[in-house]
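Okay, here's what each chain looks like letter by letter:
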Amino acid sequence: MKGGSGGGGGVAPAKRRWRGLAIAVLFLVILSMLVPLGFLLGLHSGFHSAGHMPLQRPSPSDVLKGFVNEAKNETGSINATPKTQQKKGIPIPPQVVMQPFTSKNISRINGKAKMKSDVDESEGFCDLKYGSYCIWREENREEMHDSMVKKLKDQLFVARAYFPSIVKIPAQSKLSGEFKQNIQEVERVLSESTTDADLPPEIQKKSRRMEAVIARAKSVSLDCNNIDKKLRQIFDLTEDEANFHMKQSAFLYQLAVQTMPKSLHCLSMRLTVEYFRDHLFDKELSEKYSDPTLQHYVIFSNNVIASSVVINSTVVHAIDTVNQVFHVLTDWQNYYAMKHWFLRNTFRDAVVQVLNIEDPDSYGKATLSHLTLPVEFRVSFPSNDSAPAINNRTQYVSIFSHSHYLLPEIFKNLEKVVVLDDDVVVQQDLSALWSLNMGGKVTGAIEICSVKMDQLRSYLGDHSFQKHSCSWMSGLNVIDLARWRDLDISETYWKLVKEQVSMKEGSALLATLLTFQDQIYALDRVWVLSGLGHDYGLDIEGIKKAAVLHYNGNMKPWLDLGIPKYKEYWKKFLNHEDQYLSECNVNR
């Protein structure tokens, strides 16, 4: 009995052991199936197929971490927040999934990125979650100037955001001390350096120390909301500072436009002194100055170099210069400098007469208290009624000044003149202008049909004028002085000016447009190309074909503000070997 009972008790535990082993084996089998499945699911979360990235809303800590990393590593990309990725997915090409990119398996051939067959894994893989951004970054990479200065500014931006939170933690007193020291060092360096060339030799060590301190700060448990608030505070202060500098730069821009450059002032003073030292060679050719059978060009200018370029470019392209006479009308301040310059420089067979328009002994009633140059009005209006204000079209309209209305009195013996502004460059022979039949019109000018009279109603008021007629430009103007005298154009102008004395800015524009209404002969547009003083988008082929280039606008070619790609057409008519130009650093 005992033996039987003992035998029965041994079989039951054996069965339980086998059952346990069977369950364990089944568990292992299931586990072996789940591990690859879990691995595949894990890959799916990191390696997406060729489509769009999942639109998941990141946590505040992830947003902050991404913001700080961008501020640290990608200069100039602080505004690139993850919200952009939430609104629009980023396409990822299939090859990104198949083969990760590194910085060394992308080469540049003919300006485009190309994959290399060999993959250098030691450089680390490009983060695939950005998809085709890696390719785009290589294709559109631009050379960064002063990259170290920008990197230091970004590090300082991030350090200032973390520093207040670190200071509040007593256990991190050492880290806060290092933070403060590094911030002060970087601030001192940036206060003394604006370019990489100005940075001290040990700047790389300072940058690495700052980077290490920021990395340690990121490892400390902090309240992300505090850092976020500080970042926003710094950002607001930076925005205010940017607005201040933008207003300041606008003021300095206007100051630079309206002020004579130091080099040109130097040139004028030097020429004036030299004139009084040696003015014995001053000779006049009065017989040519008043001969109506010759080609007479008139230039109103107080700029020696500008007027010289106009004359030189006209003479260089003229077929015959024997009949050319240039009259430069200037003021007392620049009269002797002009005289000395044009007496010591020759322009082939052409002659140059310098006149002081402010001299009452010479011209009597035809004298102004001061010289006035062609007036430029900057007008802006929308391209169409539905266009936003940011897309407004801007034009610079140049018109005659008060001085222009003295021409019939100053040149009493002449019947026809061509008036050139001092901001033009001549590229072709202008002799054809003297054979124009203007059909009884007073002046020939380039019309601007993109600016109609009704679009200038804010300047013109409610006066009667042809609303759909085109406005016109000074710069190159053929003037029939005989017809001018017959119609008494000057008297009409002065009456209109007196009537509009209350209009400070628009009186000259209104009076000129009303005076010459129905008296403009439209020149062919191939004669003049305008806009070289404000429009960056002019066609180069059009510039080369134009007979006259007009630098109307604020960015004149003799200023540092001048548009660089247009300056070469003006500079080539300067004599860079001239002693005075060299000594005064004119257009060096």
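The numbers attached to residues start from 1 for each chain and follow its sequence in the written order. Where totals are concerned, whole chains, interfaces and linings use all residues; where local detail is concerned, this predicted model gives features only for residues with pLDDT of at least 70, and gives and counts side-chain atom pairs only at 80 or more. The basis for every side-chain value is the complete set of heavy atoms in the structure, and neither hydrogens nor water enter the calculation.

- Within an unreviewed UniProt entry, the label attached to the protein chain reads Hexosyltransferase, and the organism entered is Gossypium barbadense.
- UniProt, in the comment section headed Sequence similarities (unreviewed entry), describes the protein chain in these words: "Belongs to the glycosyltransferase 8 family."
- Per UniProt, the protein chain carries the Pathway (unreviewed entry) text "Glycan metabolism; pectin biosynthesis." UniProt positions are given in the numbering used here, feature names are shortened, and annotations may be inferred rather than shown by experiment.

### Remarks on empty space enclosed by the protein
Logical step 1: Think of a 1 Å grid over the protein atoms and nothing else: a 1.4 Å probe that fits but is trapped marks a cavity, an open set flanked by protein within 12 Å on at least five of seven lines marks a pocket, and residues with an atom within 4 Å of a point count as lining. Grid points are joined across faces, edges and corners, and a volume is the space filled by probe spheres set on the points. Going through the model one piece at a time under the given rule, you end up with three cavities of 30 Å³ or more.
Logical step 2: Considering only enclosed or pocket space, the largest cavity measures out at about 60 Å³ in volume.
Logical step 3: Lining the largest cavity are Met-260, Leu-264, Leu-267, Ser-268, Asn-302, Asn-303, Val-304, Ile-305 and Asn-334.
Logical step 4: We count a stretch as a helix when DSSP gives it H or I for four or more residues in a row; a strand needs E for two or more, and each element gets its number in order from the N terminus. Among the elements of the structure, helix H10 (262–277) and helix H12 (304–316) are those that each provide at least two residues to the lining of the largest cavity.
Logical step 5: Ranked by residues supplied to the lining of the largest cavity, first place goes to H10 with three residues.
Logical step 6: Ten residue types, Ala, Val, Leu, Ile, Met, Phe, Trp, Tyr, Cys and Pro, are classed as nonpolar, four, Asp, Glu, Lys and Arg, as charged, and the remainder, Gly among them, as polar. For the lining of the largest cavity, a count of residues per class yields five nonpolar, four polar and no charged.

### Topic: the side chain of Asn-334
Logical step 1: Topologically, Asn-334 is positioned in helix H13 (residues 332–344).
Logical step 2: Residues count as neighbours in contact if any of their non-hydrogen atoms are within 4.5 Å of one another. Excluding anything up to four places from it in sequence, Asn-334 contacts Ser-268 and Asn-302.

### Structural notes on the pairing of strand E4 (residues 324–330)
Logical step 1: The classification of residues rests on relative accessible area computed with a 1.4 Å probe and restricted to protein chains. Under 20% of the type maximum is buried, over 50% is exposed, and intermediate values are partly exposed. Most of E4 is tucked away, with seven of its seven residues classed as buried.
Logical step 2: Of the two faces of E4, the one carrying Gln-324, Phe-326, Val-328 and Thr-330 and the one carrying Val-325, His-327 and Leu-329 are both buried.
Logical step 3: Bridge count for strand E3 (residues 295–300) against E4 is six bridges, and the pairing is parallel. Among the inter-strand pairings, Ile-299 is bridged to a residue of E4, identified as Val-328.
Logical step 4: Convention used here: a crossover is right-handed provided that the path from the first strand, over the helix, to the second strand proceeds clockwise when the strands point away from the viewer. Each parallel crossover has a hand, and the one from E3 via H12 to E4 is right-handed.
Logical step 5: Here, a strand pair is defined by DSSP locating no fewer than two bridges between the strands. Pairing of E4 with strand E5 (residues 351–356) involves six bridges; the strand directions are parallel. Among the inter-strand pairings, Val-325 is bridged to a residue of E5, identified as Val-351.
Logical step 6: Handedness of the E4-H13-E5 crossover: right-handed.

### A short note on unusual backbone geometry
Logical step 1: Look at Arg-348: it is not a glycine, yet its phi comes out positive at around 55°.
Logical step 2: With respect to the secondary-structure elements, Arg-348 resides in the loop between H13 and E5.
Logical step 3: A positive phi is found at Asp-518, a non-glycine position, where the angle reads about 70°.
Logical step 4: By relative accessible area, which is 45% here, Asp-518 ends up partly exposed.

### Quick look at the packing of aromatic side chains
The description of an aromatic ring pair rests on the distance of the ring centres and on the angle between the ring planes.
Logical step 1: Aromatic pairing here means that ring centres of Phe, Tyr or Trp (its six-membered ring) are within 6.5 Å. Orientation follows from the plane angle: under 30 degrees is stacked, over 60 is edge-to-face, and everything else is tilted. One pass over the structure, following the stated rule, counts 20 aromatic pairs.
Logical step 2: Seen in terms of ring centroids, Tyr-405 and Phe-516 are 6.2 Å apart; in terms of plane orientation they differ by 40°. Their pairing is tilted. With a gap of 111 residues between them, Tyr-405 in the loop between strand E7 (393–399) and helix H15 (407–410) and Phe-516 in the loop between helix H19 (507–515) and strand E12 (520–522) connect regions that are remote in the sequence. With respect to burial, Tyr-405 and Phe-516 carry one shared label: buried.
Logical step 3: Here the aromatic rings of Tyr-493 and Trp-494 are separated by 5.2 Å at their centres, their planes lie at 70°, and the arrangement is edge-to-face.
Logical step 4: Put simply, the rings of Phe-400, Tyr-405, Trp-472, Trp-484, Tyr-493, Trp-494 and Phe-516 pair up and form one aromatic cluster.

### Let's talk about the state of the cysteines
Two cysteines whose sulfur atoms are joined by a covalent bond form what is called a disulfide.
Logical step 1: Any cysteine sulfur atom paired with another within 2.5 Å is treated as part of a disulfide. For the structure shown, the criterion picks out two disulfides.
Logical step 2: Here Cys-266 is linked by a disulfide to Cys-584, with a sulfur-sulfur distance of 2.1 Å. For the disulfide bridge between Cys-266 and Cys-584, the dihedral angle about the S-S bond is near -65°, and by the sign convention the bridge is left-handed. Pair noted here: Cys-266 is in helix H10 and Cys-584 is in the segment after helix H22 (579–583), with a separation of 318 residues, a long-range link.
Logical step 3: Note that Cys-449 is cross-linked by a disulfide to Cys-470, the S-S spacing being 2.1 Å.

### A short note on a nonpolar patch on the surface
Logical step 1: The patches reported here contain residues having more than 30% relative accessible area and no salt bridge. Joining distances are 9 Å for like charges and 5 Å for nonpolar side chains (Val, Leu, Ile, Met, Phe, Trp, Tyr). What sets the accessible areas is the Shrake-Rupley method with a 1.4 Å probe; for residues, cover comes only from the shown protein chains. We define a salt bridge as a contact between a side-chain nitrogen of Lys or Arg and a carboxyl oxygen of Asp or Glu at a distance within 4 Å. Together, Phe-251, Leu-252 and Leu-255 make up an exposed nonpolar region whose accessible area comes to about 310 Å².
Logical step 2: Within the fold, Leu-252 resides in helix H9 (residues 224–258).
Logical step 3: Owing to a relative accessible area of 44%, Leu-252 belongs among the partly exposed residues under this scheme.

### Brief notes about the environment of Val-149
Logical step 1: When you line up the elements, Val-149 lands in helix H6 (residues 147–167).
Logical step 2: As for Val-149 and Leu-199, which are separated by 50 residues in sequence, their C-alpha atoms are 8.1 Å apart.
Logical step 3: The residues contacting Val-149, other than those within four sequence positions of it, are Leu-190, Thr-194, Thr-195, Asp-196 and Leu-199.

### What about the packing of helix H7 (residues 173–192) against helix H8 (residues 203–219)?
Axis angle and axis distance: for two packed helices, these are the angle between their axes and the distance between the axes, and together they describe the pair.
Logical step 1: Where H7 contacts H8, the axes come no closer than 10 Å and their chain directions differ by 145°. The crossing of H7 and H8 is left-handed. Note on element contacts: H8 touches H7 through Ile-203, Lys-206, Arg-209, Met-210, Val-213, Ile-214, Arg-216 and Ala-217, opposite Leu-175, Glu-178, Phe-179, Asn-182, Ile-183, Glu-185, Val-186 and Val-189.
Logical step 2: Split into classes, the residues belonging to the contact of H7 with H8 amount to ten nonpolar, one polar and five charged. Between the N-to-C directions of two axes lies an angle of 0 to 180 degrees, each axis being a line fitted to C-alpha atoms and, for a helix, fitted only over the stretch in contact. Left-handed describes a crossing whose near helix is turned anticlockwise from the far helix through less than a right angle; right-handed describes the clockwise counterpart.

### As for the side chain of Asn-554
Logical step 1: Along the chain, Asn-554 turns up in the loop between strand E14 (548–550) and helix H21 (564–571).
Logical step 2: Throughout this description, a polar contact denotes any pair of N or O atoms lying within 3.5 Å of each other; where both atoms belong to protein, one of them has to be capable of donating a hydrogen while the other can accept it, and for residues adjacent in sequence the pair is counted only when both atoms sit in side chains. A polar contact is formed between the side chain of Asn-554 and the side chain of Tyr-396, at a distance of 3.5 Å.

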